[in-house]
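Examining the three-dimensional arrangement
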Amino acid sequence: MNNIINLIKERPLYIPRILLSNYQALGITDEELIIIMVIMNEGDKVVYDPEMFARVINGNKRNIMKLIDSLCDKNILSLIIEKKDKKAYEYISLDSLYDKLSNIALDKKADEEIDNSIFSVFENELGRTLSPMEYEKIKEWVSNNSIEMITLALKEAVLNGVSNLNYIDSILNSWHKKGYKTKEDILKDKENYRTKREKIDVFETDWLND
């Protein structure tokens, strides 16, 4: 990371925030990120020229070639050959990287929409505006539970006439301890409980008749 900072200080470079925040998750090393930054700032169509990269970042030509090969193997960039005036030119394409970053952005947007929707569900069910502390509590649940399970716990609490989040939290913790992850798990548990309760009632009724 220090190499990246030093490069930016020496030569102003543009780098998208989404790339800086997610490059490690994409398996990109700090050295490889420097190469990508240089490519981005050279324009849309960059000729594959390891010597140029070496001059820009004061690097070693062979090492730069290895880094570019590594990025190709990771499907972060690709090399494209085009012919012009009977000559072949090799260009570097970042289309694969842009596709990956686009998918990350779409996933993040989808997550944000899900988060916002769960808040609306709670306010509609509880009939009031959530407090800042309740917002934080629900965010915590979202990071550890599916939206389906959180919604089911909310409905369970409402059916029992309880509208505080501590009760909902206890429901989620109980389901977690039992290993329940879906609506089907909960319905199966309720059915088992109902069946067991009926057997007890039958037994007690027979005993009374005797």
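The sections below set out a description of the structure shown in this document. (Residues numbered from 1 in each chain as written. Predicted model: local features only at pLDDT ≥ 70, side-chain atom pairs only at ≥ 80, totals over all residues. Heavy atoms only, no water.)

**Thoughts on the overall build of the protein**
For the protein, the count of helices and strands is ten helices and three strands. What you see in the protein, going N to C, is helices and strands ordered as α-α-α-β-α-α-β-β-α-α-α-α-α. For the protein, with 210 residues in total, the buried portion stands at 29%. Of the contacts formed within the protein by residues at least 6 apart in sequence, a portion of 53% connects residues at least 24 apart. Total accessible area on the protein is roughly 14,300 Å²; 50% of this is exposed by carbon and sulfur atoms. (Helix = DSSP H or I, 4+ residues; strand = E, 2+ residues; numbered from the N terminus. Buried < 20%, exposed > 50% of the residue type's maximum accessible area, 1.4 Å probe, protein only. Contact = heavy atoms within 4.5 Å. Areas by Shrake-Rupley, 256 points an atom, 1.4 Å probe, with all protein chains shown as cover.)

**Describing the sheet that holds strand E1 (residues 46–47)**
Backbone-to-backbone hydrogen bonds join strands into a sheet, with any given pair of strands oriented parallel or antiparallel. Reading across from one edge, E1-E3-E2 is the order of the three strands in this open sheet, with antiparallel pairing throughout. The sheet is open, and its two borders are formed by E1 and strand E2 (78–84), each paired with just one other strand. Taken together, the seven bridges between E2 and strand E3 (residues 87–93) define a ladder with antiparallel strand orientation. In the sheet register, Lys84 faces E3, and the bridge partner there is Lys87. (Pairing = 2+ DSSP bridges.)

**A closer look at the packing of helix H3 (residues 30–42) against helix H5 (residues 61–73)**
Close contact between H3 and H5 brings their axes to 10 Å; oriented N to C, the two are set at 90°. The angle between the axes of H3 and H5 places the two elements in the roughly perpendicular class. Across the interface between the two elements, Glu31, Glu32, Ile35 and Ile36 from H3 touch Asn63, Ile64, Leu67, Ile68, Ser70 and Leu71 from H5. Residues of the contact of H3 with H5, tallied by class, amount to six nonpolar, two polar and two charged. (Axes fitted to C-alpha atoms, helices over the stretch in contact; angles between N-to-C directions. Parallel < 35°, antiparallel > 145°, perpendicular 65-115°, else oblique. Nonpolar A, V, L, I, M, F, W, Y, C, P; charged D, E, K, R; others polar.)

**Description of the side chain of Thr151**
Here Thr151 lies in helix H8 (residues 147–159). Polar side-chain contacts of Thr151 include one of 2.8 Å to the backbone oxygen of Ile147. (Polar contact = N/O pair within 3.5 Å; in protein donor to acceptor, adjacent residues only side chain to side chain.)

**Thoughts on the nonpolar core**
Counting 26 residues, the largest nonpolar core has Leu19, Ile28, Ile36, Phe53 and Leu97 as the members making the most contacts within it. Sorting elements by how many residues they give to this core places H3 first, with seven residues. Once residues within four sequence positions are removed from consideration, Leu97 is found in contact with Leu19, Leu26, Ile28, Ile36, Met40 and Ile76. (Core = buried A, V, L, I, M, F, W, Y, C linked by side-chain atoms within 4.5 Å.)

**With respect to the packing of H8 against helix H9 (residues 165–178)**
With their axes 9 Å apart at the nearest point, H8 and H9 run at an angle of 125° to one another. By the angle between their axes, H8 is oblique relative to H9. Seen along the crossing, H8 lies across H9 with a hand that is right-handed. Together, Met149, Ile150, Leu152, Ala153, Leu154, Glu156 and Ala157 of H8 and Tyr167, Ile168, Ile171, Leu172 and Trp175 of H9 make up the contact between the two elements. (Left-handed = near helix turned anticlockwise from the far one by under 90°.)

**Structural notes on the pairing of E3**
On any regular strand, side chains alternate: one points to one face of the sheet, the next to the other face. In terms of strand pairing, E1 meets E3 through two bridges, oriented antiparallel. Each bridged residue has a counterpart across the sheet, and for Val46 the counterpart in E3 is Ile92.

**Side note on H5**
For H5, which comprises 13 residues, the first-to-last C-alpha distance of 19 Å matches the rise-based estimate of 18 Å (1.5 Å per residue) to within 8%. In this structure, the buried side of H5 is in contact with H3, helix H4 (50–57), E2 and E3. Looking at where H5 begins, the residue whose side-chain oxygen comes 2.9 Å from the main-chain nitrogen of Arg62 is Asn60. (Expected span 1.5 Å × (residues − 1).)

**Concerning the pattern of salt bridges**
On inspection of all chains with the given rule, the structure shows six salt bridges. Note that Glu32 is salt-bridged to Lys74, the shortest N-O span being 2.9 Å. Of this pair, Glu32 sits in helix H3 while Lys74 is found in the loop between H5 and E2, placing the two residues 42 residues apart along the sequence. A salt bridge links Lys137 to Glu140; the shortest N-O distance between them is 3.7 Å. Highlighted residues: Lys137 and Glu140, both in helix H7 (residues 132–144), separated by three residues, approximately one helical turn. Under the relative-accessibility criterion, Glu140 is labelled partly exposed at 42%. Linked by salt bridges that have partners in common, Lys137, Glu140 and Asp169 make up one network. (Salt bridge = Lys/Arg side-chain N within 4 Å of Asp/Glu carboxyl O.)

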